[in-house]
Amino acid sequence: MVTAIVHINAEVDRIPEVAQTIAEIDGVSEVYSITGEYDLLAMVRVSAYEQIAEVIPGRLNKVAGVLHTETHIAFRTYSKHDLESAFSIGLPETD
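Thresholds, definitions, all that
Residues numbered from 1 in each chain as written. Predicted model: local features only at pLDDT ≥ 70, side-chain atom pairs only at ≥ 80, totals over all residues. Heavy atoms only, no water. Buried < 20%, exposed > 50% of the residue type's maximum accessible area, 1.4 Å probe, protein only. Helix = DSSP H or I, 4+ residues; strand = E, 2+ residues; numbered from the N terminus. Arc of directions from axis to C-beta. Contact = heavy atoms within 4.5 Å. Salt bridge = Lys/Arg side-chain N within 4 Å of Asp/Glu carboxyl O. Pairing = 2+ DSSP bridges. Axes fitted to C-alpha atoms, helices over the stretch in contact; angles between N-to-C directions.

As named in an unreviewed UniProt entry, the protein is DNA-binding Lrp family transcriptional regulator, taken from Nonomuraea endophytica.

### A short note on helix α1 (residues 15-23)
The periodicity of an α-helix, 3.6 residues per turn, causes residues three or four positions apart to be oriented the same way. Within α1 the residues assigned to the buried category are Ile15, Val18, Ala19 and Ile22. Along α1, the residues classed as buried sweep out an arc of 100 degrees about the axis, all on the same side. Packing partners of the buried residues in α1 comprise β1 (2-10), β2 (28-33), β3 (40-46) and β4 (66-73).

### Quick word on the pattern of salt bridges
Taken as a whole and assessed by the stated rule, the structure comprises three salt bridges. Between glutamate 11 and arginine 14 there is a salt bridge, and its shortest N-O distance comes to 3.8 Å. With a relative accessible area of 29%, glutamate 11 lands in the partly exposed category. You can call arginine 14 partly exposed: its relative accessible area is 22%. The salt bridge partner of glutamate 17 is arginine 14, with a shortest N-O separation of 2.9 Å. Judged by relative accessible area, glutamate 17 falls into the partly exposed class, the value being 44%. Put simply, Glu11, Arg14 and Glu17 are held in one network by salt bridges that share partners.

### Side note on the sheet that holds β4
Taken in spatial order, the four strands line up as β2-β3-β1-β4 in an open sheet, and their pairing is antiparallel. With partners counted over all chains shown, the strands left at the sheet margins are β2 and β4, one partner each. Put simply, the sheet's adjacent strands are angled 20 degrees from each other on average, direction ignored. Two elements, β2 and β3, share five bridges in a ladder whose sense is antiparallel. Note that in β3 the partner of valine 28 across the bridge is valine 44. Seen against the sheet, α1 touches β1, β2, β3 and β4 and runs at an angle of roughly 165 degrees to β2.

### What about the pairing of β1?
Burial analysis of β1 places seven of its nine residues in the buried class, which makes it a mostly covered element. Examined bridge by bridge, β1 and β3 share seven bridges and lie antiparallel to one another. Across the sheet, the residue bridging to histidine 7 is leucine 41, located in β3.

### With respect to the environment of isoleucine 34
You can see isoleucine 34 is positioned in the loop between β2 and β3. With relative accessibility at 31%, the residue isoleucine 34 sits in the partly exposed group. Remark: the alpha-carbon pair of isoleucine 34 and histidine 7, spanning 27 residues in sequence, is separated by 9.4 Å. In this view, isoleucine 34 contacts His7, Asp39, Leu40 and Leu41; residues no more than four positions away in its chain are not counted.

As structure tokens, then:
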């Protein structure tokens, strides 16, 4: 699984519409309205790196109202839930 974090600047009066349209793109798992330098953050999860090009420059960047994007590719995922699962592999606790 390849995860990309996409920061998005959008036309201010179209943010809800842009977010909804992006959320409907295959490969986009979540879209967040955020504060700060960017208006939206999209999580893109695909099975191969080649699909990143199809989803982000191929579709997401072409959504009406998107002004600019900045993409970051995740190397590794760390999650509280993943760590708890890893440490509970069924070994008995010792006192």
